[in-house]
Amino acid sequence: TGAALTSVRQLSNNRTTFARMLGQLLYEAPKIFTGLASVRLIEQKLNDFGVKACFEHHQSRQKGGKALLSLVDAAINTCTPVSKDDVYQIVHTHCQVHLTTTQENSLLRRHQRKCSSDAAYRRATIELVEARDLFTKKGRHSTEWKQQMISKYRPIVDAYNNPTIVRTSVSEPLVVIN
C-alpha cells in the first residue's frame, strides 16, 4: 500500500493543483441533495413548476481535495492504509448540494471565497428551508399535487418576505440525485 500511495503523492509537485484536481472529481460525482432549498427558488417553483434549480455545492472543492490529500499524507507518514470510512466521509460531505437559483449560486461563490459556507449564506441573505418533497418528485405533476405544494410552501415564502417573522428549517435524511 505504501508504494502505491507514494506514487500518488508524486503525481504532482504542486499540491494546490493536485488538490484542485481531486476537488473537481468530487464536484463531478453524483450529487447528494440535502433537502434544503432557498426560499427564492421555492418562490420561483411555486410560480412555475418547470423552473430549474441550481445545485449549490456548499462545501469548497479545494477543501475537499485538500482533505483527501491529507488522508494520503497521513497514510504515507504512518505506513497504514487509507481508511475507507474516512474517504467516504469526505466524499459524502463534499458531494452534498443545496438547491438555489442561478443568481444566488453566483452570489454565494463570491462570498465563499472569503468565508465559510454558513457565513456566505448569511452575507448573501439566502434562507434555506427543508423542501425535499417539492424538488424530488419525478415525472408530471398533477394539479392536486401542485395545489398541495402551494398550500404547504406559500406560507414559508410569505414569511420570508415578511422580515418580522422568525424562520426555522428542519433537517431530514439525505437523498442521492442522479
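Thresholds, definitions, all that
- Residues numbered from 1 in each chain as written.
- Predicted model: local features only at pLDDT ≥ 70, side-chain atom pairs only at ≥ 80, totals over all residues.
- Heavy atoms only, no water.
- Helix = DSSP H or I, 4+ residues; strand = E, 2+ residues; numbered from the N terminus.
- Expected span 1.5 Å × (residues − 1).
- Buried < 20%, exposed > 50% of the residue type's maximum accessible area, 1.4 Å probe, protein only.
- Arc of directions from axis to C-beta.
- Salt bridge = Lys/Arg side-chain N within 4 Å of Asp/Glu carboxyl O.
- Contact = heavy atoms within 4.5 Å.
- 1 Å grid on protein atoms, 1.4 Å probe; cavity = no way out; pocket = protein on both sides within 12 Å on 5 of 7 lines; lining within 4 Å.
- Points joined across faces, edges and corners; volume = space filled by probe spheres on them.
- Nonpolar A, V, L, I, M, F, W, Y, C, P; charged D, E, K, R; others polar.

Attention now goes to helix α2 (residues 15–28). Under the 1.5 Å per step criterion, the end-to-end length of α2 is 20 Å for 14 residues, consistent within 8% with the ideal 20 Å. Of the residues making up α2, those classed as buried are Phe18, Ala19, Leu22, Gly23 and Leu26. All buried residues of α2 fall inside an arc of 140° around its axis, so they share one side.

Attention now goes to the pattern of salt bridges. Scanning all chains against the criterion turns up 4 salt bridges. Here arginine 15 and aspartate 73 are joined by a salt bridge, their closest N and O atoms 2.6 Å apart. Placement of arginine 15 in helix α2 and of aspartate 73 in helix α4 (residues 61–78) is noted, with a sequence separation of 58 residues between them. With a closest N to O distance of 2.8 Å, glutamate 43 and arginine 40 form a salt bridge. Taken together, the positions of glutamate 43 and arginine 40, both in helix α3 (residues 39–47) and 3 residues apart, correspond to about one turn of that helix.

Our focus in this paragraph is the environment of glutamine 44. Among the structural elements, glutamine 44 can be located in helix α3. Taking the C-alpha atoms as reference points, glutamine 44 and threonine 101, 57 residues apart in sequence, are found 8.6 Å from one another. Setting aside chain neighbours within four positions, we find glutamine 44 in contact with Val51 and Thr101.

Of the pockets and cavities examined, the largest pocket occupies roughly 510 Å³. In terms of lining residues, the largest pocket is bounded by 20 residues, among which His57, Ser60, Arg61, Arg109 and Gln112 are the most central. Counting only elements with at least two residues in the lining of the largest pocket, the list comes to α2, β2 (54–57), α4 and α6 (102–112). Top element by residues in the lining of the largest pocket is β2. It accounts for 4 residues. Classifying every residue of the lining of the largest pocket gives 4 nonpolar, 10 polar and 6 charged.

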